[in-house]
Amino acid sequence: MRPHPAFILWLACSACLAQAKDTGLAYVSSEKNHAITLVDLKTLAVVGTIPTCKRPRHMQFLPGREQLMVACGDSSKADIIDVATRKSVASFPFGDDPEAFDLSPDARTAYVSLEDEGALGWFDMVARKLVKSIPVGKEPEGVKASPDGKRVYVTSEVANMVHVIDTATQQVVTNVAVGKRPRRFALSADGGELWVTNELGSSVSIISTRSLMVTQTITFDIKGLRADDITPVGIAMSPDGKTAYVGLGRANHVAFVDVASRKTTQLVLVGKRAWGVGLNRAGSLLFVVNGLSDDMTVIDVAGAKALKTIAVGRVPYMVVVDD
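A few points on the structure. (Residues numbered from 1 in each chain as written. Predicted model: local features only at pLDDT ≥ 70, side-chain atom pairs only at ≥ 80, totals over all residues. Heavy atoms only, no water.)

## Regarding the pairing of strand E17 (residues 193–198)
Both faces of the sheet carry side chains from a regular strand, because those side chains alternate between them. Burial runs high along E17: six of the six residues are buried. Going residue by residue along E17, you find Glu193, Trp195 and Thr197 tucked away on one face and Leu194, Val196 and Asn198 tucked away on the opposite face as well. Here strand E16 (residues 182–187) pairs with E17 via four bridges, running antiparallel. Note that in E17 the partner of Ala186 across the bridge is Trp195. With antiparallel pairing between neighbouring strands as the criterion, E16 and E17 make up a hairpin whose turn holds five residues, including Gly191 at a positive phi of roughly 75°. Relative to strand E18 (residues 203–208), E17 runs antiparallel, the two being bridged by six bridges. The residue bridging Thr197 from the neighbouring strand is Val204, located in E18. (Buried < 20%, exposed > 50% of the residue type's maximum accessible area, 1.4 Å probe, protein only. Helix = DSSP H or I, 4+ residues; strand = E, 2+ residues; numbered from the N terminus. Pairing = 2+ DSSP bridges.)

This is the structure we're talking about:
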């Protein structure tokens, strides 16, 4: 199959990342509106929407940051959106019920969690086809490729495990038991630790990427709330690697966690079901997607204070910031 011109363009742009223009926008996927909501980072106001395929969830920029790739669960497709024209320029089958994905360092392979199949899809981005399906635990979600491209990590919500896959052999090399219903990942600044949110464990498991063992578990506690009400999902690391930001789901808060001490230093009240989290480049603003109140809270990180809450469509899933 001949590569689509859009894929040739973004592969060619992988060397020109520094020259790409920033849009000054936050992109928020809305599962029920089948659209991406655009928020201006200066005014913190909605400035448009981009129609996409059904139930958009995970998003990631392609090399050059000129195109945004979106996984759409109910369409079983990926959509490629040109950020300059704000229009879809390509779409293709992406496996059965794709949820989250990550790209290999050369961006030629996408690793996608296929929720209904209980598998990790191995997707050739040039040929635009699924080349392999690797069985993992039921209801996989989080996917993270290691910076050196040698491993892919996948969470299984039902098995309560992180599956570690060797990219050379395309085989699961080990399974790491974590907390109940693991969801998403963040890597430490040095790549030595993989942080995993456990939605039904009220916790984050920290895995050593060297030993592939859990070295510590951080449990969250909020006065007046039961443990069952604290459901961590979204997680992001600060640019300097000193703070982890964890969306606590139904607890309607975001936790600021000091990476060195493993202690929660701040709790910030946001909207209902704090779900996805993202940061601007400077790490001065934290964006929190609230899945049950259909909005996004913008937080001043230095002051640990909510600045504004913005309606962003029905059941928002994720935010990607391009400043």
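## Considerations on the packing of aromatic side chains
Ring pairs (aromatic) are described by centroid distance and by the angle formed between their planes. If you walk through the whole model with that rule in mind, you get eight aromatic pairs. Ring centres of Phe92 and Phe123 lie 5.2 Å apart, and the angle between their planes is 20°; this geometry places the pair in the stacked category. Highlighted residues: Phe92 in strand E7 (residues 87–93) and Phe123 in strand E10 (residues 119–124), separated in sequence by 31 residues. Note on Phe94 and Phe101: the rings are 5.9 Å apart at their centroids and 80° apart in plane angle, and the pair reads as edge-to-face. Of the aromatic side chains, those joined through ring pairs into one cluster are Phe92, Phe94, Phe101 and Phe123. In this structure, Arg184 packs its charged tip against the face of Tyr317, placed 4.6 Å from the ring centre. A cation over a ring is seen here: Arg273 above Trp275, with NZ or CZ 3.8 Å from the ring centre. (Phe/Tyr/Trp six-rings, centres within 6.5 Å; stacked < 30°, edge-to-face > 60°. Lys NZ or Arg CZ within 6 Å of the ring centre and 35° of its normal.)

## Looking at the state of the cysteines
Here is the idea: a disulfide is a covalent bond, and it sits between the sulfur atoms of two cysteines. Applying the stated criterion to the full structure yields one disulfide. Paired through a disulfide, Cys53 and Cys72 show a sulfur-sulfur distance of 2.2 Å. Taking the torsion about the sulfur-sulfur bond, which here is approximately 75°, the covalent link between Cys53 and Cys72 counts as right-handed. Of this pair, Cys53 sits in the loop between strand E3 (45–51) and strand E4 (56–61) while Cys72 is found in strand E5 (residues 67–72), placing the two residues 19 residues apart along the sequence. Of the two residues, Cys53 and Cys72, both sit in the buried class. (Disulfide = S-S within 2.5 Å.)

## Re the environment of Lys308
Mapping Lys308 onto the fold places it in strand E27 (residues 305–311). The partly exposed category is assigned to Lys308, whose relative accessible area is 36%. Put simply, Lys308 and Val298 are 10 residues apart on the chain and 5.4 Å apart in space, counted from C-alpha to C-alpha. Excluding residues that lie within four positions of it along the chain, Lys308 makes contacts with Thr43, Leu44, Met296, Thr297 and Val298. (Contact = heavy atoms within 4.5 Å.)

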